[in-house]
Amino acid sequence: MKAAFLDKPGHISVKDIPVPDYGPDQVLIQIHEVGLCGSDLHYYKEGRIGNHIVKEPHILGHESAGIIAEVGKAVEGLKPGDRVAVEPGVPCLKCNQCLSGRYNLCDSVQFMGAPPYHGTFREYLAHNPLFVHPLPDDVSFTQGALIEPLAVAYNALSKAAIQPGKPLFISGAGPIGAACLELAGIMGASPVIVSEIDGFRGRMAAGMGADAVIDANTEDVGEKILSVTGGEGCEYGIEASGSEAGFQDTVAAVKRGGTVVLIGMGRETVAMPLTEILKKEAAIHGVYRYANCYKPVLRLLGAGKIQGERWITQRYPLAELGNAMEAALSPDTDKLKMIIQVSG
Ligand SMILES: [Zn+2]
Ligand SMILES: [Zn+2]
């Protein structure tokens, strides 16, 4: 089978490797589509995220959908031909975090694409069926791949405990910001105000239903929020840009007693407007991946309540993964979400 390896930062090559063996309690999945994630770009450019370091040729990719090719003898409920989304993190299912349901916080999680675990930019994958989710007929492979970023957004919006009719601010209209925007609409947050520095992404957010889009390059986010909310500020703020300025804008956007949710991954340490946070008694939640979020997102996609596909701006075949990475990193490319077509 074909698999795309990051040989070293900035260099990807497609190699032929054997189709993986699968155990009696695993399924073998033919991967069809994989979303290109900001984390893939970090590894491509820098060769590491925190203490996950690419030390040998490594397969990236974790936002995937495909078709079951084979099932192990002990597997129930899945059969060859089933179309599925692949949840990329397989936790230990034994520790206290796992047993309490917060399996995204398991210390032993094997998360695909994060070294040393290979990801899904390859034609076949052996996986634990508990983390394989059948797709309804009218949910496409592209939507199946987008469940991953939507699950991150679902986790973030759950932390904010959105109530209908209350204003929400989203800092950053990249893929995660777009996913938050999709879900915020159906959860009833109103108005939903987005800030973005990229003109293309700002226009995409407006097209996806943001009630107001703030140009974070030229406008004062805190002041603009006050004018849009009649002087009140937002009940909730979600930081999805990963920038220090975005964090500060999000704190500025929420009213006293408001809630700030942090998803964007940027520098390891950022300056924090401490006095403002204290005076506002702002609650601050960190968000890391997701647990038990694939199924609700899948239901919303199956019911046609969220779209997903409208964020896709480019598609590349697996053989052109390196070009996709370069285009994604180029400031000259208008992009929101890219899909890598692995097979099918
Ligand atoms: Zn991702
Ligand atoms: Zn665990």
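Residues numbered from 1 in each chain as written. Chains lettered and ligands numbered in written order. Predicted model: local features only at pLDDT ≥ 70, side-chain atom pairs only at ≥ 80, totals over all residues. Heavy atoms only, no water.

Undergrad: Is there a simple way to think about a nonpolar patch on the surface in this case?
TA: A cluster of nonpolar side chains, contributed by Met-272, Leu-274 and Leu-278, occupies part of the molecular surface with about 300 Å² of accessible area. Considering the arrangement of structural elements, one finds Leu-278 in helix α8 (residues 274–280). (Patch = residues over 30% accessible without salt bridge, like charges linked within 9 Å, V, L, I, M, F, W, Y side chains within 5 Å. Areas by Shrake-Rupley, 256 points an atom, 1.4 Å probe, with all protein chains shown as cover. Salt bridge = Lys/Arg side-chain N within 4 Å of Asp/Glu carboxyl O. Helix = DSSP H or I, 4+ residues; strand = E, 2+ residues; numbered from the N terminus.)

Undergrad: When you look at the pattern of salt bridges in this model, what are you seeing that I'm missing?
TA: Opposite charge on two side chains makes pairing possible when the charged atoms of those side chains draw close. One pass over the structure, following the stated rule, counts eleven salt bridges. Residue Glu-235 pairs with Lys-255 through a salt bridge whose shortest N-O separation is 2.9 Å. Of the two residues, Glu-235 is situated in strand β15 (residues 234–239) and Lys-255 in strand β16 (residues 254–262); the sequence distance between them amounts to 20 residues. What makes Glu-235 buried here is its relative accessible area of 14%. In this structure Lys-255 comes out as partly exposed when scored by relative accessible area, which is 23%. For the salt bridge of Glu-276 with Lys-280, the shortest nitrogen-to-oxygen distance reads 3.2 Å. (Buried < 20%, exposed > 50% of the residue type's maximum accessible area, 1.4 Å probe, protein only.)

Undergrad: Sorry, what's going on with the packing of helix α3 (residues 141–160) against helix α9 (residues 294–302) here?
TA: When two helices pack together, their arrangement is given by the angle between the helix axes and the distance between those axes. At their nearest, the axes of α3 and α9 sit 9 Å apart, and the two run at 120 degrees to each other. Overall, the two elements α3 and α9 adopt an arrangement that is oblique. Crossing hand, α3 versus α9: right-handed. The residues of α9 that touch α3, namely those facing Gln-143, Ile-147, Glu-148, Leu-150, Ala-151 and Tyr-154, are Tyr-294, Pro-296, Val-297, Leu-298 and Leu-301. In terms of residue class, the contact of α3 with α9 is made up of nine nonpolar, one polar and one charged. (Axes fitted to C-alpha atoms, helices over the stretch in contact; angles between N-to-C directions. Parallel < 35°, antiparallel > 145°, perpendicular 65-115°, else oblique. Left-handed = near helix turned anticlockwise from the far one by under 90°. Contact = heavy atoms within 4.5 Å. Nonpolar A, V, L, I, M, F, W, Y, C, P; charged D, E, K, R; others polar.)

Undergrad: Just checking my understanding: could you explain the packing of aromatic side chains for this structure?
TA: The way to describe two aromatic rings as a pair is by their centre distance and the angle between their planes. Going through the model one piece at a time under the given rule, you end up with two aromatic pairs. Taking the centre distance of 5.6 Å and the plane angle of 75 degrees together, the rings of Tyr-103 and Phe-131 count as edge-to-face. Separated by 28 residues along the polypeptide, Tyr-103 in the loop between α2 (96–99) and β9 (110–111) and Phe-131 in the loop between β10 (124–127) and β11 (132–134) bring together distant segments of the chain. Residue Phe-131 is classed as buried on the basis of its relative accessible area of 5%. Consider the rings of Tyr-290 and Tyr-294, whose centres lie 5.7 Å apart with planes at 50 degrees: the pair is tilted. (Phe/Tyr/Trp six-rings, centres within 6.5 Å; stacked < 30°, edge-to-face > 60°.)

Undergrad: Help me understand the coordination of the zinc ion (ligand 1), please; the structure alone is not making it clear to me.
TA: Each pair of donors in an ideal octahedron of six around a metal sits at 90 or 180 degrees, and each pair in an ideal tetrahedron of four sits at 109.5 degrees. Distances from the zinc ion (ligand 1) to its protein donors, namely Cys-37 (SG), His-62 (NE2), Glu-63 (OE) and Glu-148 (OE), fall within the range 2.2 to 2.8 Å. Around the zinc ion (ligand 1), the four donor atoms sit at angles spanning 81 to 166 degrees, and that spread fits a shape best called irregular. Here the donor residues for the zinc ion (ligand 1) map to a single chain with the spacing C-x24-H-E-x84-E. Here Cys-37, found in the loop between β3 (27–35) and α1 (38–46), pairs with Glu-148, found in helix α3; they are 111 residues apart in sequence, far enough to count as distant. There is no split in this pair, since Cys-37 and Glu-148 are both buried. (Donors = N, O, S within 2.8 Å, 3.2 Å for Na, K, Ca; no water. Tetrahedral: all angles 85-135°; square planar, octahedral: opposite > 155°, others 65-115°.)

Undergrad: Looking at this model, I keep getting lost on the layout of surface pockets. Mind explaining?
TA: Any empty space left between atoms is shown by rolling a water-sized probe over those atoms. Empty space within the second largest pocket amounts to approximately 300 Å³. Ranked by residue count, the leading element in the lining of the second largest pocket is β10, at three residues. Partitioned by chemical class, the residues of the lining of the second largest pocket number eight nonpolar, five polar and one charged. (1 Å grid on protein atoms, 1.4 Å probe; cavity = no way out; pocket = protein on both sides within 12 Å on 5 of 7 lines; lining within 4 Å. Points joined across faces, edges and corners; volume = space filled by probe spheres on them.)

Undergrad: Where do I start with unusual backbone geometry in this structure?
TA: Among all residues save glycine, negative phi is the norm, and among peptide bonds the norm is trans. For the peptide bond that leads from Pro-115 to Pro-116, omega is 5 degrees, which places it in the cis range. With respect to the helices, strands and loops of the structure, Pro-116 is situated in the loop between β9 and β10. Here Ser-190 and Pro-191 are connected by a cis peptide whose omega angle stands at -10 degrees. Locating Pro-191 in the fold gives a position in the loop between α4 (175–187) and β13 (192–196). The phi angle at Leu-93 is positive, at roughly 65 degrees, despite the residue not being glycine. By the secondary structure assignment, Leu-93 is in the loop between β8 (89–90) and α2.

Undergrad: Where do I start with the packing of α3 against α4 in this structure?
TA: Remark: α3 packs on α4, axes separated minimally by 8 Å, with the N-to-C direction vectors making an angle of 55 degrees. In terms of orientation, α3 and α4 fall into the oblique class. Note on packing geometry: the crossing formed by α3 with α4 is right-handed. Side by side, α3 and α4 meet where Pro-149, Leu-150, Val-152, Ala-153, Tyr-154 and Leu-157 of the first sit next to Ile-176, Ala-179, Cys-180, Leu-183, Ala-184 and Met-187 of the second. Split by residue class, the contact of α3 with α4 holds twelve nonpolar, no polar and no charged.

Nothing here speaks to function; it is all geometry.
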